Amino acid sequence: MGRIYAKLLAEKGYGIIAVDINPSALDSLCREMESAEIIKVQMDLSAPDAAQRIKEIADSNNARVEVLVNNAGMLFVSPIVETAPEKLATMMQLHCVTPLLLCRAFVPQMQERGCGYVLNVSSICAWMAWPLIGMYGNTKRFVKSYSRSLRIECRGTGVSVTTAVFGAVDTPLFGFPEKMRKWMLGLGVMISPEAAASRALNGMFKRRKRVFPGLLNHLTVAVSPLLPDALLSRLATKYGKYLK
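Residues numbered from 1 in each chain as written. Predicted model: local features only at pLDDT ≥ 70, side-chain atom pairs only at ≥ 80, totals over all residues. Heavy atoms only, no water.

Caption draft 1: Examining the pattern of salt bridges more closely. Scanning all chains against the criterion turns up five salt bridges. Close ionic contact of E32 with K7 constitutes a salt bridge, the shortest N to O distance being 2.5 Å. With E32 in helix 2 (residues 23–32) and K7 in helix 1 (residues 2–11), this residue pair connects regions lying 25 residues apart in the sequence. With its nearest N and O atoms 2.7 Å apart, the salt bridge here joins K55 to D59. Of this pair, K55 and D59 both sit in helix 3 (residues 50–60), four residues apart, which is roughly one turn of that helix. Here K55 falls in the buried class, since its relative accessible area comes to 16%. The class for D59 is partly exposed, based on a relative accessible area of 36%. (Salt bridge = Lys/Arg side-chain N within 4 Å of Asp/Glu carboxyl O. Helix = DSSP H or I, 4+ residues; strand = E, 2+ residues; numbered from the N terminus. Buried < 20%, exposed > 50% of the residue type's maximum accessible area, 1.4 Å probe, protein only.)

Caption draft 2: Geometry of the packing of helix 4 (residues 85–113) against helix 5 (residues 134–153). In the contact formed by helix 4 and helix 5, the axes pass within 9 Å of each other and the chain directions differ by 15 degrees. The angle between helix 4 and helix 5 places the two elements in the roughly parallel class. Where helix 4 crosses over helix 5, the two elements pack in a sense that is right-handed. On helix 5, the residues touching L88, M91, M92, H95, C96, P99, L100, C103 and V107 of helix 4 are M135, Y136, T139, K140, F142, V143, Y146 and L150. (Axes fitted to C-alpha atoms, helices over the stretch in contact; angles between N-to-C directions. Parallel < 35°, antiparallel > 145°, perpendicular 65-115°, else oblique. Left-handed = near helix turned anticlockwise from the far one by under 90°. Contact = heavy atoms within 4.5 Å.)

Caption draft 3: Inspection of the side chain of N120 at higher detail. Within the secondary structure, N120 sits in strand 4 (residues 116–123). The exposure class assigned to N120 is buried, which follows from its relative accessible area of 0%. One polar contact links N120 to N70, side chain to side chain, over a distance of 2.9 Å. Within the local environment of N120, its side chain forms a polar contact with the side chain of S147, the two groups lying 2.9 Å apart. Each residue touching N120, except ones within four places of it in the same chain, is listed here: N70, C103, V143, Y146, S147, V161, T162, T163 and A164. (Polar contact = N/O pair within 3.5 Å; in protein donor to acceptor, adjacent residues only side chain to side chain.)

Caption draft 4: Fine view of the packing of aromatic side chains. Scanning the entire structure with this criterion turns up four aromatic pairs. Judged by centre distance (6.1 Å) and plane angle (20 degrees), the ring pair of Y14 and F205 falls under stacked. Separated by 191 residues along the polypeptide, Y14 in the loop between helix 1 and strand 1 (16–20) and F205 in helix 7 (residues 193–205) bring together distant segments of the chain. Three or more aromatic residues joined by ring pairs make a cluster, and in this case those are Y14, Y117 and F205. When the ring centre of W127 is taken as origin, the NZ or CZ atom of K144, which lies over that ring, is 4.8 Å away. (Phe/Tyr/Trp six-rings, centres within 6.5 Å; stacked < 30°, edge-to-face > 60°. Lys NZ or Arg CZ within 6 Å of the ring centre and 35° of its normal.)

Caption draft 5: Structural context of helix 5. For helix 5, with 20 residues, the first-to-last C-alpha span of 29 Å sits near the 28 Å given by 1.5 Å per residue. For helix 5, the complete set of buried residues consists of G134, M135, Y136, G137, T139, K140, V143, K144, Y146, S147 and L150. In this fold, the buried residues of helix 5 make contact with strand 3 (67–70), helix 4, strand 4, strand 5 (159–166) and strand 8 (210–211). (Expected span 1.5 Å × (residues − 1).)

Caption draft 6: A look at the pairing of strand 1. Examined bridge by bridge, strand 1 and strand 2 (residues 38–42) share five bridges and lie parallel to one another. Bridge pairing in strand 2 links D20 to Q42. In this fold, the crossover linking strand 1 to strand 2 by way of helix 2 has right-handed handedness. (Pairing = 2+ DSSP bridges. Right-handed = clockwise from strand over helix to strand, strands pointing away.)

Caption draft 7: How the structure looks around the state of the cysteines. Overall, the coordinates contain zero disulfides when judged by the stated rule. Distance from the sulfur of C103, which forms no disulfide, to the nearest cysteine sulfur (C154) is 8.4 Å. The class for C103 is buried, based on a relative accessible area of 4%. What makes C154 buried here is its relative accessible area of 1%. (Disulfide = S-S within 2.5 Å.)

Caption draft 8: Main features of the packing of helix 3 against helix 4. As a packed pair, helix 3 and helix 4 sit with axes 8 Å apart at the nearest point and diverge in direction by 30 degrees. When the axes of helix 3 and helix 4 are compared, the pair comes out roughly parallel. In this structure, helix 3 crosses over helix 4, and the sense of that crossing is right-handed. For the pair formed by helix 3 and helix 4, the contact residues are A50, A51, I54, K55, A58 and D59 on the first element and T98, L101, L102, A105, F106 and Q109 on the second. Here the contact of helix 3 with helix 4 is built from residues that sort into eight nonpolar, two polar and two charged. (Nonpolar A, V, L, I, M, F, W, Y, C, P; charged D, E, K, R; others polar.)

Note that every value here comes from positions in space, so none of it alone points to a role or purpose.
Printed below as a string of structure tokens:
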């Protein structure tokens, strides 16, 4: 997804600060975008000082950040009390703390210039306090909530904050078998990363509050909070091993 966002923004004439934990992926991106101006940053975004270091790199390169895309994510399926503490902390830092601090670092400069766009990636799981994916869903709930608060605070400054809410996106994050992938794409349960990124950026540049594609996703969000705890517990006990 990050690679697609970078390419789409470069096509609009933006220079790119690309941050990735994988150095080979950064090198590959630069080869594919030879004509674009790219500052590549190999960094673990779950590091406590990641946002500060990115801000320092931008300043040292005289980069005026007009678009901030908080897209990096991770997913694990396991009960909270059976998950390694460091894994829980990594997800909290990656999904919640670093994106929040990146907003804190760059939005004031956007406000000073009177123009800026923030795209924060949430999920339909933000409405699902379900077993086994509880940590993922609740970190995405935080993203959804603080994005709205920040959007309201930015009213009248020329800076907008857009939240992208996706269901399943066809990336390696989920790792579904090939047959299931095709079935989910055909039914519209899953969206291609190209379509997801394109819709998200289009909504962001139109300064929309939220980008939320898919009728099934809307239905899922409406129904999910109504499911009783007892039912969810039974489903997790019976089918959780398949999710894992």
